[in-house]
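Spelled out from the first residue to the last, the chains are:
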Amino acid sequence: MNIIFKWQKKLDARTREAFQGTVMSDIKESSEFTPCHPGNIYVNVSFVNPSDMQVEGEIKCSCGREYISFRGKCISEDIFYIFS
């Protein structure tokens, strides 16, 4: 399974990679993150408050169905997931 990130806004590589690593780890380590179809998983990330590094977004299955939304900070491992 490939996890593909789409960022609404550019972010420095180190912060982006750290955030993506946290989300990828969460997806791979828990069966709750299993999509409804095999294939790619798409993670769309938007900034709520760029100065605070606050983000929100959704995780979509390869079929296009959003099955998880999230909120958190790019610079923290505290990401809150809401399962549909």
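We now turn to the structure provided with this report. In this text the structure is predicted, and so the values were computed from the model without any measurement.

When you go through the protein residue by residue, the secondary structure sums to 1 helix and 5 strands. Scanning the protein from its N terminus toward the C terminus, one meets helices and strands in the order β-α-β-β-β-β. Relative to the 2.2 N^0.38 estimate, which gives 12 Å for 84 residues, the radius of gyration of the protein is 12 Å and therefore close to what a compact globule would have. Counting over 84 residues, the protein shows a buried share of 36%.

As a further point, take the nonpolar core. Formed by 22 residues in total, the largest nonpolar core has its most connected members in Phe19, Val43 and Ile59. Elements supplying a minimum of two residues to this core: β1 (3-7), α1 (13-29), β2 (41-49), β3 (54-60), β4 (66-73) and β5 (79-83). Looking at this core element by element, the count peaks at 4 residues for β2. Once residues within four sequence positions are removed from consideration, phenylalanine 19 is found in contact with Trp7, Val45, Val55, Phe70, Lys73, Cys74 and Ile79.

The next point concerns the sheet that holds β2. Pairing within the open sheet is mixed, and its 5 strands lie in the order β1-β2-β3-β4-β5. Whereas interior strands pair on both sides, the edge strands pair on one side only; in this sheet they are β1 and β5. In this sheet, adjacent strand axes meet at a mean angle of 20 degrees when their direction is disregarded. Lying over the sheet, α1 contacts β1, β2, β3, β4 and β5, oriented at roughly 140 degrees with respect to β1.

About the criteria used
Residues numbered from 1 in each chain as written. Predicted model: local features only at pLDDT ≥ 70, side-chain atom pairs only at ≥ 80, totals over all residues. Heavy atoms only, no water. Helix = DSSP H or I, 4+ residues; strand = E, 2+ residues; numbered from the N terminus. Rg over C-alpha atoms; globule rule 2.2 N^0.38 Å. Buried < 20%, exposed > 50% of the residue type's maximum accessible area, 1.4 Å probe, protein only. Core = buried A, V, L, I, M, F, W, Y, C linked by side-chain atoms within 4.5 Å. Contact = heavy atoms within 4.5 Å. Pairing = 2+ DSSP bridges. Axes fitted to C-alpha atoms, helices over the stretch in contact; angles between N-to-C directions.

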